[in-house]
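Here is how the chains run, residue by residue.
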Amino acid sequence: MMNRYLFTPGPVPVGLEASLASARPMISHRCAAFHELFERVEHGLSTLLRSSGPVVIFPSSGTGALEALGANFSRPGTKALSVSCGAFGDRFREIFARFGATMANVDVPYGEGVTPEVVASAVERERPDVVLLTMNETSTGVLNPIKEIMEALPKDHPLVLVDGVSGIGTMPFFPEEWGVDGLATASQKGLLVPPGLGLVWLSPRAWERASAERASSYYFDLALQRKHMKEGAPENPYTPPVSLYHALDASLAEILAEPEWFALRARAARAFAAGLEALGYEMLVRDARFRSHGVTAFSLPGGDVADVVRKLRAMGVEPAGGQGPLKGKIIRMSHYHDVRWPELSMMLGALYAAKGSSSGDFMRAALDAWEGRIDG
Ligand code: PMP
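Just so it is clear, the model here is predicted, and its values are computed rather than measured.

Any chance you could break down the overall build of the protein for me, citing the residues and the numbers?
The helix and strand inventory of the protein stands at 14 helices and 17 strands. Radius of gyration (C-alpha) of the protein: 21 Å, near the 21 Å computed for a compact globule of 376 residues. C-alpha atoms of the protein, sized along the principal axes, occupy 65 × 55 × 35 Å. Surface exposure of the protein reaches about 15500 Å², of which carbon and sulfur atoms provide 54%. Averaging the positions of the 37 positive and the 42 negative side-chain charges in the protein gives two centres separated by 4 Å.

Below is the structure:
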């Protein structure tokens, strides 16, 4: 098979340790070795999120984790406020609508971020029971300021549920400290594991609410999951994908062992953006404060995006295109994994060749940004 360099915003390249771990011999999911593995994974997730309380792990993709939030927090009579800035915010909204909630929808234009003011004023106006937000909108490469949004809400705010599918592991997110009530994520992006795990964290009051009324799905019943997660011997109500737990365990150990992990991801994103702009590509997210550190979306003014994508693929570089209204208009490339200068040079070099650029100054621009202060 031709060597392909994977830069899609999920799945992302899986490191050697996680790959090897997932090849370990199979064990029963009702034995002490699995309890220990599950405990280690829970400990790693609590450390990453700086939060107490269990993280429920479903054998599903990220959509399954969103579905779990829907099955437990949306029912006829629920009023949900959805603030969406892209295709995945729209999906979260659709899931809540299907489980019966009455929706109040706020749409932020694609490429723009959700500001604290927009959410705070919509909460005041709509007085919802639940607020649906997206941490990292993968369809546009927007990172929303969830911490600042939480600070702008009143103390007795409604339940705030966040789609963190494409943000957790790459950018700081501390739901307990920030006052978030529910978080959904998945294995195949910032957690650097193959696809197949959907994860959900809840605040104590969200757990209370989830336990008070029966979920409308058995498979995605959060209270049922929690009942099986006994301290010291956590289990699942049905068969978990054991190999992926091994991979997550190994990947969390690697992420947590690098104290500069989040700063490195931010640095790679900044340097990639600087190189792209110097090459003549245009960032979809104009305001740099809202740019994701995991995925970058860009267009080529006056150029043929489809042709660039074709040429990248012919070189063995696998990007992603646009979704929905952005189909055929943008390219997205991810940097969730350990992208440093060699990988950046390859990404930018491939884009240089695909565009047929004449100027080589983009390397200087990227290098200047790369060498800038790591936490700048
Ligand atoms: N939400 C966001 C923000 C995502 O990026 C994705 C996947 N691209 C999903 C939800 C859906 O996740 P999955 O494809 O794993 O079901």
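Still more ground to cover, so stick around.
Tell me about the nonpolar core, residues and numbers included.
As a rule of thumb, nonpolar side chains are buried together in soluble globular proteins. Within the largest apolar cluster, 86 residues are counted, with the highest numbers of intra-cluster contacts made by Phe73, Phe96 and Ile146. Setting aside anything within four residues of it in sequence, one finds Ile146 in contact with Leu133, Thr134, Met135, Val162, Phe173, Trp178 and Val180. Core analysis: the next-biggest nonpolar cluster, separate from the first, contains 30 residues, Phe298, Leu344, Leu351 and Trp370 among them.

Account for unusual backbone geometry, naming residues and giving values.
Going from Gly10 to Pro11, the amide bond is cis rather than trans, its omega being -5 degrees. For Pro11, the location among the structural elements is in the loop between β1 (5–6) and α1 (16–22). With a phi close to 50 degrees, Arg50 is a non-glycine residue in the positive phi region. By secondary structure assignment, the location of Arg50 is in the loop between α2 (32–49) and β2 (55–58). At Leu192, a residue that is not glycine, the phi angle is positive and equals roughly 60 degrees. Position of Leu192 among the secondary structure elements: in the loop between β9 (182–186) and β10 (198–202).

Give a description of the site of the ligand that names residues and reports values.
Neighbouring the ligand are 13 residues, the closest being Ser61, Thr63, Thr138, Asp163 and Gln188. Taking Ser61, its side chain carries an N or O atom lying 2.5 Å from an oxygen atom of the ligand. The contact in question runs from a nitrogen atom of the ligand to an N or O atom on the side chain of Asp163, over 2.6 Å. For the ligand, the protein covers 88% of the area, taking 390 Å² as the surface of the free molecule. Broken down by secondary-structure element, the contributors of at least two residues to the shell around the ligand are α3 (62–73) and α4 (87–98). Top element by residues in the shell around the ligand is α3. It accounts for three residues. Of the residues in the shell around the ligand, the class split is three nonpolar, seven polar and three charged.

About the criteria used
- Residues numbered from 1 in each chain as written.
- Predicted model: local features only at pLDDT ≥ 70, side-chain atom pairs only at ≥ 80, totals over all residues.
- Heavy atoms only, no water.
- Helix = DSSP H or I, 4+ residues; strand = E, 2+ residues; numbered from the N terminus.
- Rg over C-alpha atoms; globule rule 2.2 N^0.38 Å.
- Areas by Shrake-Rupley, 256 points an atom, 1.4 Å probe, with all protein chains shown as cover.
- Lys, Arg positive; Asp, Glu negative; His and termini not counted.
- Charge placed at Lys NZ, Arg CZ, Asp CG, Glu CD.
- Core = buried A, V, L, I, M, F, W, Y, C linked by side-chain atoms within 4.5 Å.
- Buried < 20%, exposed > 50% of the residue type's maximum accessible area, 1.4 Å probe, protein only.
- Contact = heavy atoms within 4.5 Å.
- Near = heavy atom within 4 Å.
- Polar contact = N/O pair within 3.5 Å; in protein donor to acceptor, adjacent residues only side chain to side chain.
- Nonpolar A, V, L, I, M, F, W, Y, C, P; charged D, E, K, R; others polar.

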